[in-house]
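# Coordinates in review
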Amino acid sequence: MPYTVWGAFDKFRKDTVDLDADITKKARTSRDYLFDQLNILARNHSGFPRLAGDYLSFGSFARKAKIQPLDDIDTLIILKGQGTREVQSPSSSFIHWLEVTDRLSPLFIFANEYGYVNSTKVLNRIKIYLSSVSNYKQAEIKKTMQAVTLNLKSYPWVFDIVPAVPVVNGSGKIVYYLIPDGLGNWIRTDPRIDSKNITDVSVKHPNKFLPTIRLLKYWNFRTHKPRLSSYYFETLVIKVFQNSAQINDFPQAIKYFFDNCPYYLRTSCPDPKGLGPNLDASVDSSTKEKVAKAMSEASTWAGYALMYEAQSKHDEAIYWWQRVFGSQFPSYG
């Protein structure tokens, strides 16, 4: 058992928070194998959606912000969208239709009677064909109706497979992607922006930001109620540290986050990609205040921990870090 705060944090990260390097390697290999299977299905079955090049990894695993356990891996598979045109839905500026403008379009077979590509039909077709791959246990449509969830026989994690149609500008450059909205329509996204945003902050805090974000995500998911969604919480962490002084150690950084995040929590949080509604659109003020109260409490406990560590009373400091992170944080001794 650890006798110093540094040792306790090191053990906590290795045993409880960070993904094991071997598991991460196996997951990436498994993801590559999945894409090989998708390519085989596309080559051998004319009814499978036509693929355009490689996949795009997205989500917390791709951003290296995933904490234990590794339960799901998000993968964007890029479809050929030639012969289609994006049309904004009259019901919402964030919902879009994909109109077939050429009957030779690879997506024509998924169009409804009005000539618009139904994203649910695309998901169902992917599910049907993936169910035929013997190495996989089960494929089903995710409850959100935005992805195909693929259960594996050999590993505990699942793949959430999201079909995406690239939208290009006049120069042929991809400006964003259209993915299912859960109701047969499409919404815009661009994982490349999320990747750049987290990388930019990581560069300002070499080797310290990603471990910090994972530690804080553990706190968000395990030690208080209500919790914020993973993506929204990650965005708040990025906001707090994008202009802060360089992170020197995890205890100080965690205290800094709890002190400063309530300001960002109480203000609106636009989609960092500029493509969707505010991330806090469905989070009411009561929920925000409960989370802010939990952050204030955690800040107080972190302050006690830092005070005792400064006095070389590591046993007392570790006790207060246990109050912050819960019983899984290592005990002194």
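Before reading further, recall that the structure is shown in the block above.
Please read all numbers here as calculations on a predicted model, not as lab measurements. (Residues numbered from 1 in each chain as written. Predicted model: local features only at pLDDT ≥ 70, side-chain atom pairs only at ≥ 80, totals over all residues. Heavy atoms only, no water.)

## Quick look at the overall build of the protein chain
Selection criterion: Strands are runs of DSSP state E lasting at least two residues, helices are runs of H or I lasting at least four, and both sets are numbered from the N terminus onward. The globule rule used for comparison is 2.2 Å times the number of residues to the exponent 0.38, while the radius of gyration itself is calculated over C-alpha atoms. Only protein chains enter the calculation, and the probe is 1.4 Å; a residue is then buried if its accessible area is under 20% of its type maximum, exposed if over 50%, and partly exposed in between. Residues are treated as being in contact if the distance between any of their heavy atoms lies within 4.5 Å.
Looking only at helices and strands, one finds 10 helices and 9 strands in the protein chain. Since a compact globule built from 333 residues should have a radius of gyration of about 20 Å, the 22 Å found for the protein chain is in line with a globular shape. With the C-alpha coordinates of the protein chain rotated into their principal frame, the extents come out at 75 × 45 × 35 Å. In the protein chain, which comprises 333 residues, the share counted as buried stands at 49%. Taking all contacts inside the protein chain whose residues are at least 6 apart in sequence as the whole, residues at least 24 apart take part in 58%.

## A look at the packing of aromatic side chains
We count it as follows: By convention, a stacked pair of Phe, Tyr or Trp rings (six-membered ring in the case of Trp) has centres within 6.5 Å and planes under 30 degrees apart, an edge-to-face pair has planes over 60 apart, and any other such pair is tilted. Any Lys NZ or Arg CZ found within 6 Å of a ring centre and within 35 degrees of that ring's normal is scored as a charge over the ring.
Summed over the entire model, instances satisfying the criterion amount to 23 aromatic pairs. Relative to Y136, the ring of Y33 lies with its centre 6.3 Å away and its plane at 70 degrees, an arrangement referred to as edge-to-face. You can see Y33 sitting in helix α2 (residues 21-44) and its partner Y136 sitting in strand β5 (residues 136-141), a full 103 residues away along the chain. In this structure, R323 packs its charged tip against the face of W301, placed 4.3 Å from the ring centre.

## Notes on the pattern of salt bridges
Note the following rule: Throughout this description, the term salt bridge denotes a Lys or Arg side-chain nitrogen within 4 Å of a carboxyl oxygen of Asp or Glu.
Applying the stated criterion to the full structure yields 19 salt bridges. With a shortest N-O distance of 3.4 Å, K26 and D22 are connected by a salt bridge. One end of the pair, K26, and the other, D22, are both in helix α2, 4 residues apart, so they sit about a helical turn from each other. With relative accessibility at 38%, the residue K26 sits in the partly exposed group. Put simply, K66 and D71 hold a salt bridge, and the shortest N to O gap is 2.9 Å. The exposure class assigned to D71 is partly exposed, which follows from its relative accessible area of 40%. Among the ionic contacts, a cluster of salt bridges with common partners joins R13, D18 and R214.

## Observations regarding helix α7 (residues 230-241)
In plain terms, the rule: A helix is expected to reach a length of 1.5 Å times the quantity of its residues less one.
Spanning 12 residues, α7 covers 17 Å between terminal C-alpha atoms, matching the ideal 16 Å at 1.5 Å per step. The buried fraction of α7 is high, at 9 of 12 residues. The complete set of buried residues in α7 reads Y232, F233, E234, T235, L236, V237, I238, V240 and F241. Summarising the contacts, the buried residues of α7 are in contact with α3 (59-62), α5 (191-204), α6 (209-222), α8 (250-265) and α9 (285-310).

## Re the pairing of strand β2 (residues 72-79)
When a strand is regular, its side chains alternate between the sheet's two faces. How we decide: In this scheme, strands are said to pair when DSSP sees at least two bridges between them.
The element β2 is extensively covered by neighbouring structure, given that 8 of its 8 residues are classed as buried. Burial of the side chains of β2 extends over both faces: D72, D74, L76 and I78 are buried on one face and I73, T75, I77 and L79 on the other. Both strand β1 (residues 51-58) and β2 contribute to a ladder of 5 bridges, which runs antiparallel. By the bridge assignment, S57 is partnered in β2 with T75.

## Describing the pairing of strand β7 (residues 158-168)
Most of β7 sits out of view: 9 of its 11 residues are buried. When β2 meets β7, the two strands line up parallel, connected through 7 bridges. Each bridged residue has a counterpart across the sheet, and for I78 the counterpart in β7 is A164. Here 4 bridges tie strand β6 (residues 148-152) to β7, and the two strands are oriented antiparallel to one another. In the strand pairing of β7, N151 is matched with V158. Hairpin connection of β6 to β7: 5 residues between the antiparallel strands. Judged from the 4 bridges that link them, β7 and strand β8 (residues 174-180) form a sheet pairing that is antiparallel. When the bridges of β8 are listed, V165 appears paired with L178.

## A look at the packing of α8 against α9
The condition is simple: Working convention: axes come from line fits to C-alpha atoms, limited for helices to the stretch in contact. Angles between N-to-C directions cover 0 to 180 degrees. Any angle that falls under 35 degrees is termed roughly parallel, while one over 145 is termed roughly antiparallel, one within 65 to 115 roughly perpendicular, and all others oblique. By definition, turning the near helix anticlockwise from the far helix through less than a right angle yields a left-handed crossing, and turning it clockwise yields a right-handed one. Each residue gets one label: Ala, Val, Leu, Ile, Met, Phe, Trp, Tyr, Cys and Pro are nonpolar, Asp, Glu, Lys and Arg are charged, and the others, such as Gly, are polar.
Their axes nearest at 9 Å, the elements α8 and α9 cross at an angle of 155 degrees. One way to sum up the angle between α8 and α9 is to call them roughly antiparallel. In this structure, α8 meets α9 at a crossing whose hand is left-handed. Of the residues in α9, those touching α8 at P251, Q252, K255, F257, F258, D259, C261, P262 and L265 are K288, V291, A292, M295, A298, S299, A302, G303, L306 and E309. Tallied by class, the residues present in the contact of α8 with α9 amount to 12 nonpolar, 3 polar and 4 charged.

## Regarding the nonpolar core
The line we're drawing: Side-chain atoms within 4.5 Å are what join buried Ala, Val, Leu, Ile, Met, Phe, Trp, Tyr and Cys residues into a set we call a nonpolar core.
Residues F209, F241, F257, W321 and F325 are the most contacted members of the largest nonpolar core, which totals 51 residues. For this core, the secondary-structure elements that each account for two or more residues are α1 (5-17), α5, α6, α7, α8, α9 and α10 (314-325). For this core, the element with the most residues is α9, which contributes 9 residues.

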